[in-house]
Amino acid sequence: MASLGTMMRVVTVSALLLAAAPAAAEDDDSPVARGRRLFETHGCYGCHAIGGVGATTAPSLSRVGAKYSREYLTRWLRDTPARGSVEHMPKIQLAGPELEALAAYLSSLREF
């Protein structure tokens with residue numbers, strides 16, 4: 001039987017490996033990974049939530065990819081429709097590959 005110290009080391013190493021997994025995914029240069037980084041760095045969590053993380057000022061985007069195609073999301077982001085006086089969706093200040101990457105990330109959101 002393993003000692004308490006050995007078990008604690010195993011738990012610590014396991015926790016470190018789990019914590020490193022998202023960091024490894026962040027190094028991914030796929031469109032989805034780039035889109036996720038854009039979502040985070042452009043403050044989208046300030047209004048939107050994904051999987052319970054983020055604000056609830058605007059609609060949750062947890063399943064937006066199950067509702068809309070990547071092509072639709074690309075068009076929507078490029079030509080953000082005007083909203084009513086209560087809602088406020090700023091014009092997305094991205095173009096080309098960045099816009100495509102953000103749409104790729106959003107279209108990947110299907111099951112939270």
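Just above sits the structure.
Remember, predicted model here, so these are calculated numbers, not experimental data. Per-chain numbering applies: the sequence of each chain, read as written, is numbered from 1 onward. Whole-chain, interface and lining totals are the exception, using all residues; otherwise, since this is a predicted model, local features are given only for residues with pLDDT of at least 70 and side-chain atom pairs are given and counted only at 80 or more. Only hydrogens and water are set aside; all other atoms, that is, all heavy atoms of the structure, feed into the side-chain values.

Considering the environment of R75
Where helices and strands are cited, they refer to DSSP runs of H or I of at least four residues and of E of at least two residues respectively, numbered from the N terminus. Its place among the elements puts R75 in helix 4 (residues 70-78). Sequence separation between R75 and L99 is 24 residues, and the spatial gap between their C-alpha atoms is 9.4 Å.

Some words on helix 4
Partly exposed describes any residue whose relative accessible area lies between the buried limit of under 20% and the exposed limit of over 50%, with all areas from a 1.4 Å probe on protein chains only and scaled to the type maximum. Within helix 4, burial applies to L73, T74, W76 and L77. End-on, the buried residues of helix 4 take up no more than an arc of 165 degrees, which puts them together on one face. Throughout, the arc means the angular range of directions from the helix axis out to the C-beta atoms.

Points about the packing of aromatic side chains
Centres within 6.5 Å make a pair out of two Phe, Tyr or Trp rings, where for Trp the six-membered ring is used; the pair is then stacked when the planes are under 30 degrees apart, edge-to-face when over 60, and tilted otherwise. Throughout the structure, instances matching the rule amount to three aromatic pairs. Ring centres of Y68 and Y72 lie 4.8 Å apart, and the angle between their planes is 15 degrees; on these two criteria the pair is classed as stacked. The partly exposed category is assigned to Y68, whose relative accessible area is 37%. Through a chain of ring-to-ring contacts, three or more aromatic side chains come together here, namely F39, Y45 and Y105.

Examining the nonpolar core
Residue types Ala, Val, Leu, Ile, Met, Phe, Trp, Tyr and Cys, when buried and joined through side-chain atoms within 4.5 Å, form a set referred to as a nonpolar core. Counting residues in hydrophobic clusters, the biggest one holds 18 residues, and the most contacted among them are F39, L61, L77, L102, L106 and L109. Listing elements by their share of this core, those giving two or more residues are helix 2 (31-41), helix 4 and helix 5 (96-108). Filtering out sequence-adjacent residues up to four positions away, L61 remains in contact with F39, H48, A49, I50, L106 and L109. Contact between two residues is taken to exist if any of their heavy atoms lie within 4.5 Å; hydrogens are not considered.

Remarks on the layout of surface pockets
A pocket, in this scheme, is an open set of points on a 1 Å grid over the protein atoms alone with protein on both sides within 12 Å along at least 5 of 7 lines, while a cavity is a set where a 1.4 Å probe fits but cannot get out; residues line either one if an atom lies within 4 Å of a point. Grid points are joined across faces, edges and corners, and a volume is the space filled by probe spheres set on the points. As a volume, the largest pocket reaches approximately 830 Å³. In terms of lining, the largest pocket is formed by 33 residues, of which the most central are H48, A58, L61, W76 and M89. Of all the secondary-structure elements, those providing two or more residues to the lining of the largest pocket are helix 2, helix 3 (64-67), helix 4 and helix 5. Element by element, the count of residues in the lining of the largest pocket is highest for helix 4, at four residues. Ten residue types, Ala, Val, Leu, Ile, Met, Phe, Trp, Tyr, Cys and Pro, are classed as nonpolar, four, Asp, Glu, Lys and Arg, as charged, and the remainder, Gly among them, as polar. Per-class residue counts for the lining of the largest pocket are 20 nonpolar, eight polar and five charged.

Let's talk about the pattern of salt bridges
Any carboxyl oxygen of Asp or Glu that lies within 4 Å of a side-chain nitrogen of Lys or Arg is treated as forming a salt bridge with it. Enumeration according to the criterion identifies three salt bridges in this entry. The partner of E40 in a salt bridge is R36, with the nearest N and O atoms 3.1 Å apart. One end of the pair, E40, and the other, R36, are both in helix 2, four residues apart, so they sit about a helical turn from each other. The partly exposed category is assigned to E40, whose relative accessible area is 34%. Between R78 and D79 there is a salt bridge, with the nearest N and O atoms lying 3.7 Å from each other.

A short note on the side chain of S107
If you trace the backbone, S107 turns up in helix 5. For S107, a relative accessible area of 9% puts it in the buried group. In this structure, S107 is in contact with G65, R70 and L73, ignoring residues within four places of it in sequence.

Examining the environment of M89
The residue M89 is located in the loop between helix 4 and helix 5 in this model. You can call M89 partly exposed: its relative accessible area is 22%. Taking C-alpha positions, M89 is 8.4 Å from A58, a pair spaced 31 residues apart along the chain.

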